[in-house]
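# A structural walkthrough
Spelled out from the first residue to the last, the chains are:
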Amino acid sequence: MDQSSIDRLALDAAYEQARKSKREGGIPIGSALVNRDGVIVALGHNLRVQSGDSTAHAETVCIRNAGRRRDWHTLILASTLSPCAMCSGTAVLHQIPRVVIGENKTFQGREDWLRAAKIEVVNLNDPRCIALMQEFIAAKPDLWNEDIGIPE
């Protein structure tokens, strides 16, 4: 499987996680961790609303779900949305070499931190991811502002 196909597979899995979060009444952001062969290692979706945990962002949940590992430096992290500072920092901490982003139109995270740490950042500008976030932000702006830390 070529890199483009692996990236798409990872983002498709992350997108399904985002839809799962939306069905649960949560923030529709999903994440997937895959190996170099495109095998899914872990999945996660934003659980802030569902769990009441302000750190339960999709990427963080996904990485938690992967458990203890020694192969972080070989994995690919996909997220439907540009990772925030916390999630970017987690990817840097774990030395994940490639991060695939569904979109950064609705939110620009700390992609600069990822690049500064020599992490390859691939933005697929996926129309499904953009539409999902635009619909959510329009429907629930207060919840969105809470998630990204904008005061009332």
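Residues numbered from 1 in each chain as written. Predicted model: local features only at pLDDT ≥ 70, side-chain atom pairs only at ≥ 80, totals over all residues. Heavy atoms only, no water.

## A short note on the pattern of salt bridges
- In the structure shown here, the tally under the stated rule is 13 salt bridges.
- Taking the shortest distance from any N to any O, the salt bridge between K22 and E135 comes out at 3.9 Å. Taken as a pair, K22 in helix α1 (residues 3-23) and E135 in helix α6 (residues 127-139) lie far apart in primary sequence, 113 residues in all.
- On the basis of relative accessible area, K22 is assigned to the partly exposed category, the value being 46%.
- Put simply, R48 and E146 hold a salt bridge, and the shortest N to O gap is 3.3 Å. With R48 in helix α2 (residues 48-51) and E146 in helix α7 (residues 141-148), this pair connects stretches of sequence that are 98 residues apart.
- E146 gets classed as partly exposed once you look at its relative accessible area, which sits at 48%. (Salt bridge = Lys/Arg side-chain N within 4 Å of Asp/Glu carboxyl O. Helix = DSSP H or I, 4+ residues; strand = E, 2+ residues; numbered from the N terminus. Buried < 20%, exposed > 50% of the residue type's maximum accessible area, 1.4 Å probe, protein only.)

## A closer look at the sheet that holds strand β4 (residues 98-101)
- Across the sheet, which stays open at both edges, the five strands sit in the order β2-β1-β3-β4-β5 with mixed pairing between neighbours. Each end of this open sheet is capped by a strand with a single partner; those strands are β2 (40-45) and β5 (120-123). On average, each strand axis in the sheet is inclined to that of its neighbour by 15°, with strand direction left out of account.
- Where β4 lies against β5, four bridges are found, and the strand directions are parallel. Opposite R98, over in β5, you have E120 as the bridge partner.
- Along the sheet face, helix α3 (residues 58-66) touches β1 (30-34), β2 and β3 (76-79) and points at about 140° away from the line of β2. (Pairing = 2+ DSSP bridges. Axes fitted to C-alpha atoms, helices over the stretch in contact; angles between N-to-C directions. Contact = heavy atoms within 4.5 Å.)

## Points about the packing of aromatic side chains
- Considering all chains together, one arrives at one aromatic pair under this definition.
- Between the aromatic rings of F107 and W144, the centroid separation amounts to 5.9 Å while the plane-to-plane angle is 90°, which identifies the pairing as edge-to-face. Within this pair, whereas F107 is found in the loop between β4 and α5 (111-116), its partner W144 is found in helix α7, the two being separated by 37 residues in sequence.
- Residue placement shows R128 over the ring face of Y15; its charged tip is 4.4 Å from the ring centre. (Phe/Tyr/Trp six-rings, centres within 6.5 Å; stacked < 30°, edge-to-face > 60°. Lys NZ or Arg CZ within 6 Å of the ring centre and 35° of its normal.)

## As for the environment of G30
- Along the chain, G30 turns up in strand β1.
- Classification of G30 by relative accessible area gives buried; the value is 0%.
- Sequence separation of G30 and A78 is 48 residues, and the distance between their C-alpha atoms is 8.3 Å.

## Observations concerning the environment of V39
- Structurally, V39 can be placed in the loop between β1 and β2.
- Residue classification places V39 among the partly exposed positions, given a relative accessible area of 47%.
- With ten residues separating them in the primary sequence, V39 and I29 have C-alpha atoms 21 Å apart.
- Residues contacting V39, with those up to four places away along its chain left out, are L33 and V34.

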